[in-house]
Amino acid sequence: LSGGNILGRWSHTFSNGSDATVQFYFDNNLRDGPQAREATNTVDFDFQHHVAIGARHNLIWGAGYRRTTDQIAGTIDFAYIPASLAMHVANSFVQDEIILKPDRLYLTLGTKLEHETFTGFNTEPSARLAWTLSKRQTFWAAVSRASRTPTRRETAGYIGLAAFPGPDGLPQEVVLFGNPGQKSEHVIANEIGYRAQISRRASIDVALFFNTYTDLDSREPGTPFLEQASGPALEIIPVTWSNKMHGTTDGIEVSTDWR
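What counts, and at which threshold
- Residues take numbers from 1 onward in each chain, read along the sequence in its written order.
- At least 70 in pLDDT is required for a residue's local features to be given in this predicted model, at least 80 for side-chain atom pairs to be given and counted, and no such filter applies to totals for whole chains, interfaces and linings, which use all residues.
- To get the side-chain values, all heavy atoms of the structure are used, and hydrogens and water are removed first.
- For this document, the term salt bridge refers to a Lys or Arg side-chain nitrogen within 4 Å of an Asp or Glu carboxyl oxygen.
- Only protein chains enter the calculation, and the probe is 1.4 Å; a residue is then buried if its accessible area is under 20% of its type maximum, exposed if over 50%, and partly exposed in between.
- Counting from the N terminus, the helices are DSSP H or I runs at least four residues long and the strands are E runs at least two residues long.
- Two strands qualify as a pair provided DSSP detects at least 2 bridges between them.

A.B. asks: Honestly, the pattern of salt bridges in this entry has me stumped. Any pointers?
C.D. replies: When their charged atoms lie close together, side chains carrying opposite charge are able to pair. Under the counting rule described, the total for this entry stands at 8 salt bridges. With a closest N to O distance of 3.8 Å, Arg37 and Asp32 form a salt bridge. Assessed through its relative accessible area of 56%, Asp32 is described here as exposed. Between Glu185 and Arg148 there is a salt bridge; the shortest N-O distance is 2.5 Å. Within this pair, whereas Glu185 is found in strand β12 (residues 185–197), its partner Arg148 is found in strand β9 (residues 137–148), the two being separated by 37 residues in sequence. Assessed through its relative accessible area of 15%, Glu185 is described here as buried. Taking relative accessible area as the criterion, Arg148 reaches 32% and is therefore assigned partly exposed.

A.B. asks: What exactly am I supposed to notice about unusual backbone geometry here?
C.D. replies: Glycine aside, a negative phi is what most residues show, and trans is what most peptide bonds show. With omega at 5°, the peptide bond leading from Ile81 into Pro82 counts as cis. Looking at the element boundaries, Pro82 is found in the loop between β5 (78–80) and β6 (84–101). Residues other than glycine seldom take positive phi values, yet Asp103 does so here, at roughly 60°. Locating Asp103 in the fold gives a position in the loop between β6 and β7 (105–116). Relative accessible area serves as the criterion here: at 63%, Asp103 is assigned to the exposed category. Non-glycine residue Asp168 carries a positive phi angle of around 60°. Positionally, Asp168 belongs in the loop between β10 (157–165) and β11 (171–177). The class for Asp168 is exposed, based on a relative accessible area of 84%.

A.B. asks: Hey, could you run me through the pairing of β6 in this one?
C.D. replies: Regular strands place their side chains on alternate faces of the sheet. Direction of pairing for strand β4 (residues 57–73) relative to β6: antiparallel, over a ladder of 15 bridges. Counterpart to Thr68 in the pairing with β6 is Met87. Relative to β7, β6 runs antiparallel, the two being bridged by 12 bridges. Residue pairing in the sheet places Phe93 in a bridge with Lys112 of β7. In textbook terms, the turn of a hairpin is the stretch between consecutive antiparallel strands, and for β6 and β7 this stretch comprises 3 residues, one of which, Asp103, has a positive phi near 60°.

By themselves, these observations are geometric and do not establish any function.
This is the structure we're talking about:
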């Protein structure tokens, strides 16, 4: 395993009090072993600008772009089709913290828009409300949506899972195939919480959550077929990535701090 990277960052504060940051990153990675030979190059740009608008708005916005190219030489039981690919992720975001009532009520609204190679556009909005009951107590609530984009393994993998003799001596192999139409996984998170400074030495934080998940990764069986192109006849039992799972999680988290 070998490689290297370089990162550069420029920050500036303007005369009006706003500030901006520009970042550049490049990474080269080479992995060579019995399972596969993989060469990857990644270039990443990121820009952020923070500005206070009047006495009530604290705004931050920005954009970014990442491009990754790879070349992967697979083996008989693990490969990517195609073996080389150029992938990109472009994003923009904006977030505004709004003071509804000074020292008492705050509303934070934001969204991120992302476009990537496999699934196209994903939108990730969020809204958060903080109510300061007193100097020692805060109640908060939030609703947000997040996405997990598919990987090369899920969209382009060819993975041999098992091989065994079948009927009449015909060998069989279970193969996990990538799905070029694989979707992003999504979650909508609903949260409420309460924080209190009980005394000079002790504080408590309580949070309740209810999350809804859609388009979760699943592996779906397919119809077996005969493969003869690469040698002796072989029956392939296909399993393909898909997005046929969904679910929910809920719970409560309590943490305390004592000094």
